[in-house]
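# Per-entry structural report
Below, each chain spelled out in residue letters.
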Amino acid sequence: GALVEMVTKGGTKDFHGSAHEFVRNQSLDANDWFANREIDPAGGNAPKTPLQWNIFGYTLGGPFYIPHLYNTSKQKTFFFWSQEWARYRAAQLVTGSVPTARMRQGDFSECDPNSGNYLGGAGQYPQYFSPANCTLPTVGGVPVDTVTPVNSNGAAFLNAYVPLPNNGPVGYVSGQKVPTNFSDTIIRVDQNISDKASLFVRFSDDSWVKETVPALWSGSSYDTTASNYIVPARQAVMHLNYNIKPTLMNEFIMSYTDTPHTISVLPGPGSIAQSVMKPSDWSASTFFPANGAVKLMPGINVGGGVPFGFGISNGNYRGPYDAEPVYTYRDNVAWIHGKHTIKAGFFLEKFQLTEQFGFPVQGSYNFTNSGPLTSGNGLADMFLGNINSYQEGTFNAHGVLTGGYGVGHWRRTDFEPYLQDDWKVSRKLTLNFGVRYYLLIPPHDVTHPTVDSSFIPSMYNPAFASVLGADGNLHPNPATGQIYDFSGFGNGLVECGVGAIAKGCQVPYKKNIGPRFGFAFDPTGSGKTSIRGGFGIYYEPGNGNDANTIGLEGNAPTTLAPIKYNVSSYNFNSGGFAGVSPADIQAIPYFQKNPAVSQYNLNVQHEFRGNNILTVAYVGTQGRHLDSNRNVSQLSIPVVQNMTVPALSSGNGGPCDASGLCDVQNVLIHNQAPVNYFRYYQGFGNITQKQFTAVSNYNALQANFRHTTGYGLTFQAAYTWSHMIDNSTSAYGFTSVDANYDMNRWK
């Protein structure tokens, strides 16, 4: 076993132990965060910042035998056992800006130049408290210093999520000792079954437990939330070799992996309430009655009109059991026949994903200095209950709003048979021919009823769309009198795997044929020069991350997460879906090819006198149908110049003329109305389509020189010139204006 402890000191220290000068005026030095005391002015006795690694374990292996009874030759059965444990304790810095102590009580007089509490004057903090940076809230049309009484729900948000300042009037700095515990066990058994057959079996189990501050994916800048992240990963492998005869061999491999994980939300050390649960006096409404029993605090975003901003989401709970088991089976046969070495076999992968999904069922509030209800100060709006927008999610089981998160059970299959022939034509030339077929069954949910849904543009009918009113929310269609509220299937929203709709809302592409060709040629027969080359096409099901190939989880109407704008009180009556905004949804093209990469190379290698070998190669790849995202409901400004939107007419207080004719570009540039008013697919917000349309190519000149001395010493030098170009940098694509209509703009 081994024990390693690493300790870093304040300031820096060289290897001989002489301390460099320590600059004391660095008020953000890590020593303050952990020792909670001033640093010695002389620069000595600086408290230590903890960084501890403890790693220990053991291995045990050898032949397994029973004297005089089994494996007495010690050549038949072998075992190996290994265990390791690790304990990591490292510092994690958290910084942010927070309300002052007065502001937490509803007192904004520090922003009022006419108040004795004003902090925005010369020599004070104008960057925080001048009228340009801190707006006095307006109540009843009159700017006021104090907002009273402070709503109990708003106070609960502060006590749970927002710490007191400790670094200037609105600054907050904290450091925590974050623990990570890891353990690993590996067991392997090798068995020589006979002179022709051998088998090994290996099992491994990893346990990984980590605490994170702030909570994972919370978006927080504070240490008021934390996550307990548990991942016990498991893997098992069985490998069987059988030499049928000297020229014929079969190899079979079967494996299993799984990474179940649980993530729990906890209060962090900076939480004043030391709780992320709703207090006993919590009184806010919910959209869905089934969510009334949810005890977790809602998420919140506050900004605008204040010298700080914060956003915290508690929608990061995963569990109690998310799993990703993957089963793989491989069989390879090799047969040597004359000048041919023929290989054939298959690869089969059965991927499964059981995962909880959905938007925060506890709700999420947004307070900002925009909209008709605002006081001009986001924090004051939180105290007053002037809600810019509110969102809440629920699982929808065919019209039954159950509350809580949904759980999907996705499956994906990858089957790849292959055949290859290595033909030694002569002692100068060897050719390689092969082909691999890829049957990639798209991911689909097997829950009954399914939780998979998608949007098919060809099935959308504008005549049945809901329209947006002046409040930015959905209203009845003038012709039908109905609100299409995305709470059910229809008008482009389809249920995957039902009726004529394919499972996963994707038709498998069945023409993925991957040819292989290679050669090696010795033009002189001397063994001093060789020319080699190869070509192959390779396919994959998505972007390489299995979890991200599940593109439709959390989609409407299975998961409903309506947003309501301009809510005047925490105690609102949602009225079902009446008065909510359009939904953002996900889509996958019903027909599309799989991502493919062509790889090719040509190289020349020559051995010069004196044990000098030079290799020069050209290497290239071409990617086609690569992963990207596109917002199919994105507005194209060059195409849409003017549009009539009655809700935005000047008579309704809108930015357009009396008839509702809008200069679309002018309205959007000046943020006078949401883009939802101008979308083709009215009733929907962003429609993010995961599609395989991106392209890439790579070309390189590679040179390598190697000299061997013959005395165990080798000198090597390499040079590469390469050029890579594509039109999509990640699976997330682009969302700016017109980006999705001309991908080559991003080449």
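What you are looking at is a predicted structure, and each value in this text was computed from that prediction instead of being measured.

## Focus on the state of the cysteines
Linking two cysteines covalently through their sulfur atoms gives a disulfide. According to the stated counting rule, one finds 3 disulfides in the structure shown. Covalent S-S linkage joins Cys 496 and Cys 505, the inter-sulfur distance amounting to 2.0 Å. Residues Cys 496 and Cys 505 share a disulfide whose torsion about the S-S bond is about -105 degrees; that sign makes it left-handed. Pair check on accessibility: Cys 496 and Cys 505 agree, each one buried.

## A look at the packing of aromatic side chains
The final tally for this structure, using the stated rule, is 36 aromatic pairs. When the ring of Tyr 128 is compared with that of Phe 129, the centres are 6.2 Å apart and the planes differ by 80 degrees; the resulting orientation is edge-to-face. Of the residues examined, Tyr 128 reaches a relative accessible area of 28% and is grouped as partly exposed. For Phe 129, a relative accessible area of 0% corresponds to the buried category. Following the ring pairs from residue to residue traces out a cluster consisting of Phe 157, Tyr 161, Trp 282, Phe 287, Phe 288, Tyr 365, Phe 367, Tyr 390, Tyr 570 and Phe 572.

## Concerning the nonpolar core
Core analysis: the biggest nonpolar cluster contains 75 residues, and Phe 157, Tyr 161, Phe 310, Leu 379, Met 382, Phe 678 and Phe 684 have the highest contact counts within it. If one sorts the elements of this core by residue count, helix H4 (residues 152-161) sits on top with 5 residues. Setting aside chain neighbours within four positions, we find Leu 379 in contact with Pro 99, Met 103, Phe 108, Leu 158, Val 302, Val 306 and Phe 308.

## Here we look at the sheet that holds strand S18 (residues 394-397)
The sheet built from 3 strands is open, its strands ordered S19-S18-S28 with antiparallel pairing. In the strand order of this sheet, the two ends are held by strand S19 (400-401) and strand S28 (559-560), each with one partner. Bridge count for S18 against S19 is 2 bridges, and the pairing is antiparallel. Across the sheet, residue Ala 397 finds its bridge partner in S19, namely Val 400.

## A short note on the pairing of strand S36 (residues 714-726)
Looking at chain direction, strand S35 (residues 684-708) and S36 are connected through 13 bridges and run antiparallel. Following the sheet pairing, Ala 700 is matched in S36 by Ser 722. The turn linking S35 back onto S36 is made up of 5 residues, and Gly 710 within it adopts a positive phi angle of 90 degrees.

## Remarks on H4
Where burial is concerned, most of H4 is hidden: 7 out of the 10 residues are buried. Residues Asn 153, Gly 154, Ala 156, Phe 157, Leu 158, Ala 160 and Tyr 161 constitute the buried set of H4. The inward-facing, buried residues of H4 contact helix H2 (101-104), strand S8 (225-245), strand S11 (299-303), strand S12 (310-312), strand S16 (364-368) and helix H5 (378-384).

## Description of unusual backbone geometry
At the junction of His 448 and Pro 449, the peptide bond is cis and its omega measures out at -5 degrees in the coordinates. Tracing the backbone through its elements, the reader meets Pro 449 in the loop between strand S21 (429-445) and strand S22 (453-455). With an omega dihedral of 0 degrees, the bond running from Ala 556 to Pro 557 counts as a cis peptide bond. Following the sequence through the fold, Pro 557 ends up in the loop between strand S27 (529-539) and S28. Not every positive phi belongs to a glycine, and Asn 71 is a case in point at roughly 55 degrees. Within the element layout of this structure, Asn 71 appears in the loop between strand S2 (49-63) and strand S3 (77-97).

## Remarks on the sheet that holds S12
Taken together, the 5 strands give an open sheet; going across it, the order is S12-S11-S16-S17-S29, and neighbouring strands pair in mixed fashion. Every interior strand has two partners, whereas the edge strands, S12 and strand S29 (563-567), have only one. Ignoring strand direction, the axes of neighbouring strands in this sheet form an average angle of 15 degrees. Sheet topology places S11 next to S12; 3 bridges connect them, and they run antiparallel. What sits directly across from Val 302, in S12, is Phe 310. Along the sheet, H4 contacts S11, S12 and S16; its crossing angle with S11, the most-contacted strand, is approximately 100 degrees.

## Remarks on the confidence of the model for the protein
Looking at the protein as a whole, the pLDDT averages 85, with 87% of positions reaching at least 70. Highest mean pLDDT in the protein belongs to strand S26 (residues 512-521) (98); lowest belongs to strand S1 (residues 6-8) (31). Low confidence marks residues 543-549, where pLDDT is under 50. Its contacts with residues over four positions away, or in another chain, come to 15 contacts. With pLDDT under 50 throughout, residues 731-737 is counted as low confidence; its partners more than four residues away or in other chains account for 22 contacts.

## Focus on a nonpolar patch on the surface
Taken together, the side chains of Tyr 58, Leu 60, Phe 64, Ile 66, Leu 69, Phe 79, Trp 81 and Val 189 make up a nonpolar region of the molecular surface, amounting to roughly 740 Å² of accessible area. Among the elements of the structure, S2 and S3 are those that each provide at least two residues to the nonpolar patch. Note that Leu 69 resides in the loop between S2 and S3.

Rules used throughout
- Residues numbered from 1 in each chain as written.
- Predicted model: local features only at pLDDT ≥ 70, side-chain atom pairs only at ≥ 80, totals over all residues.
- Heavy atoms only, no water.
- Disulfide = S-S within 2.5 Å.
- Buried < 20%, exposed > 50% of the residue type's maximum accessible area, 1.4 Å probe, protein only.
- Phe/Tyr/Trp six-rings, centres within 6.5 Å; stacked < 30°, edge-to-face > 60°.
- Core = buried A, V, L, I, M, F, W, Y, C linked by side-chain atoms within 4.5 Å.
- Helix = DSSP H or I, 4+ residues; strand = E, 2+ residues; numbered from the N terminus.
- Contact = heavy atoms within 4.5 Å.
- Pairing = 2+ DSSP bridges.
- Axes fitted to C-alpha atoms, helices over the stretch in contact; angles between N-to-C directions.
- pLDDT = per-residue confidence, 0-100.
- Patch = residues over 30% accessible without salt bridge, like charges linked within 9 Å, V, L, I, M, F, W, Y side chains within 5 Å.
- Areas by Shrake-Rupley, 256 points an atom, 1.4 Å probe, with all protein chains shown as cover.
- Salt bridge = Lys/Arg side-chain N within 4 Å of Asp/Glu carboxyl O.

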